[in-house]
Amino acid sequence: MKKKSVFLIGLALTAVVGLLYFSLFRDPAEPVEELPKIKTSRLVKDGQGLKVRQNQFKAKVKAGRNSLRRGIRPNIDMLAVRTDISEADRRLMQSIQSALDAENYESLIAVMPEVKASANAEIREDFVDALGWFGPEGMLEMLPFIADRDESVAESASGHWELALNQVDDSKDKCMLVESAMSVIRDRDSLDTMAQELVSCDEVDALQTLINLIDGPNQAAAEIARERYEFITDERYSGVEAAEAWLQANYIPDDED
C-alpha cells in the first residue's frame with residue numbers, strides 16, 4: 001500500500017515537473033498575423049455634385065476677393081473717335097469698363113449674357129480681360145470663352161484661366177476647377193493640358209476628379225481622364241473599387257510623409 005502511494009506521488013511530481021519544463025523552455029508561440037485594417041472608402045462612383053462645389057467655391061473667393069485681383073485694371077478702348085463699332089457695342093464696352101473702375105464683379109457678370117451674344121470678338125476679349133483681372137473669382141464664368149469661336153478670345157481666356165489657377169492652393173478647389181473646365185471643353189489638346197494640372201493635387205482628389213469625368217457626359221474629357229488615370233496609377237481604369245484598392249496600396253497622406 002505504501003509503495004503504491006509513493007508511486008502515485010512520484011507520478012504526480014513528474015507531471016508537475018514536466019509542465020514546468022514545458023512552460024519554461026518551449027518555443028514561444030508564433031505571433032498571430034493581424035488582418036489588414038479595412039479603411040473607409042474615399043472614392044465614390046457618383047461623386048460629381050459639381051454645381052454644389054462650384055457654389056461653395058464662389059462663396060469662398062467672394063469672402064476674400066480683394067486679395068485675389070491681379071495688377072493694374074485693364075482699360076477698355078472706347079475712344080469716341082472710333083467709327084468701327086456700333087453705339088450698342090460702345091455702351092457694352094462702357095459697362096465693362098464701369099464695372100472694372102468700380103471693382104464690382106456683380107456688375108460685370110450682369111452684362112455677360114449680352115457679351116456672349118455679341119458678334120464683336122473685341123468685346124468678348126475685353127470681357128475676358130476684365131474677368132481675368134478678378135483672378136480666381138472669374139474662373140468659372142471664363143469657361144464659355146475658353147471654347148469661343150474666335151481663336152484670339154479662346155487663347156486669351158485660357159491664359160487668364162491658367163494664371164488664376166496658379167493662385168488656387170487648395171487641392172479640392174483646384175480639382176473642382178479642372179473638372180469644371182474639362183466638363184465643357186471638347187478640344188483634346190486643351191483637355192490634356194488641363195488634366196496635367198492634377199499632378200499638383202492630392203491623389204485622392206485627383207482620382208475622384210478623373211472618375212467624375214470618366215462617368216460624365218463629355219466623351220472627349222472621359223478619354224483624356226482615362227489616359228491620365230492610367231498615367232497616375234499605371235493601371236487601366238476598371239471602376240471605383242479598383243481605384244480605391246490602388247489608393248489603399250499606394251496612397252500616403254501628406255501628414256504621413
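Keep in mind the model is a prediction, meaning the values are calculated, not measured.

About the thresholds
- Residues numbered from 1 in each chain as written.
- Predicted model: local features only at pLDDT ≥ 70, side-chain atom pairs only at ≥ 80, totals over all residues.
- Heavy atoms only, no water.
- Helix = DSSP H or I, 4+ residues; strand = E, 2+ residues; numbered from the N terminus.
- Buried < 20%, exposed > 50% of the residue type's maximum accessible area, 1.4 Å probe, protein only.
- Contact = heavy atoms within 4.5 Å.
- Areas by Shrake-Rupley, 256 points an atom, 1.4 Å probe, with all protein chains shown as cover.
- Axes fitted to C-alpha atoms, helices over the stretch in contact; angles between N-to-C directions.
- Parallel < 35°, antiparallel > 145°, perpendicular 65-115°, else oblique.
- Left-handed = near helix turned anticlockwise from the far one by under 90°.
- Nonpolar A, V, L, I, M, F, W, Y, C, P; charged D, E, K, R; others polar.
- Phe/Tyr/Trp six-rings, centres within 6.5 Å; stacked < 30°, edge-to-face > 60°.
- Lys NZ or Arg CZ within 6 Å of the ring centre and 35° of its normal.
- Salt bridge = Lys/Arg side-chain N within 4 Å of Asp/Glu carboxyl O.
- Core = buried A, V, L, I, M, F, W, Y, C linked by side-chain atoms within 4.5 Å.

Digging into the overall build of the protein chain
A tally of regular secondary structure across the protein chain gives 13 helices and zero strands. A buried classification covers 42% of the 257 residues belonging to the protein chain. For the protein chain, contacts bridging at least 24 residues in sequence account for 66% of all contacts bridging at least 6. Total accessible area computed for the protein chain in this model is approximately 15,600 Å², and 55% of it derives from carbon and sulfur atoms.

Description of the side chain of S171
For S171, the location among the structural elements is in helix α9 (residues 171-184). According to the relative accessible area criterion, S171 is buried, its value standing at 19%.

Some points on the packing of helix α11 (residues 203-214) against helix α12 (residues 219-233)
As a packed pair, α11 and α12 sit with axes 8 Å apart at the nearest point and diverge in direction by 150 degrees. One way to sum up the angle between α11 and α12 is to call them roughly antiparallel. The two elements α11 and α12 meet at a crossing, and its hand is left-handed. Contact with α11, carried on its side by A206, L207, L210, L213 and I214, involves A221, A222, A225, R226, R228, Y229, I232 and T233 of α12 and no other residues of that element. When the residues that make up the contact of α11 with α12 are grouped by side-chain class, the tally is 10 nonpolar, one polar and two charged.

Focus: the packing of aromatic side chains
In total, this model carries four aromatic pairs according to the counting rule given. Judged by centre distance (5.0 Å) and plane angle (65 degrees), the rings of Y105 and F134 are edge-to-face. Here Y105, found in helix α4 (residues 105-110), pairs with F134, found in the loop between α6 (121-133) and α7 (139-146); they are 29 residues apart in sequence, far enough to count as distant. Accessibility classification places Y105 together with F134 in one group, the buried group. Ring centres of Y229 and Y237 lie 5.1 Å apart, and the angle between their planes is 85 degrees; on these two criteria the pair is classed as edge-to-face. In this structure Y229 comes out as buried when scored by relative accessible area, which is 0%. For Y237, a relative accessible area of 14% corresponds to the buried category. When the ring centre of F231 is taken as origin, the NZ or CZ atom of R228, which lies over that ring, is 4.7 Å away.

Description of the pattern of salt bridges
Counted under the stated rule, the structure contains 11 salt bridges. In this structure, K60 and D173 form a salt bridge, with 2.6 Å as the shortest nitrogen-oxygen distance. With K60 in helix α2 (residues 50-63) and D173 in helix α9, this residue pair connects regions lying 113 residues apart in the sequence. Judged by its relative accessible area of 46%, K60 is partly exposed.

With respect to the nonpolar core
Counting residues in hydrophobic clusters, the biggest one holds 66 residues, and the most contacted among them are I96, F127, F145, W161, L177 and M182. In contact with I96, other than residues within four places in its own chain, are I76, L108, V111, V115, I123, D126, F127 and A130.

Quick notes on the environment of L177
Position of L177 among the secondary structure elements: in helix α9. Given the relative accessible area of 1%, L177 is considered buried.

Take it as geometry only, folks, not as evidence of what the structure does.
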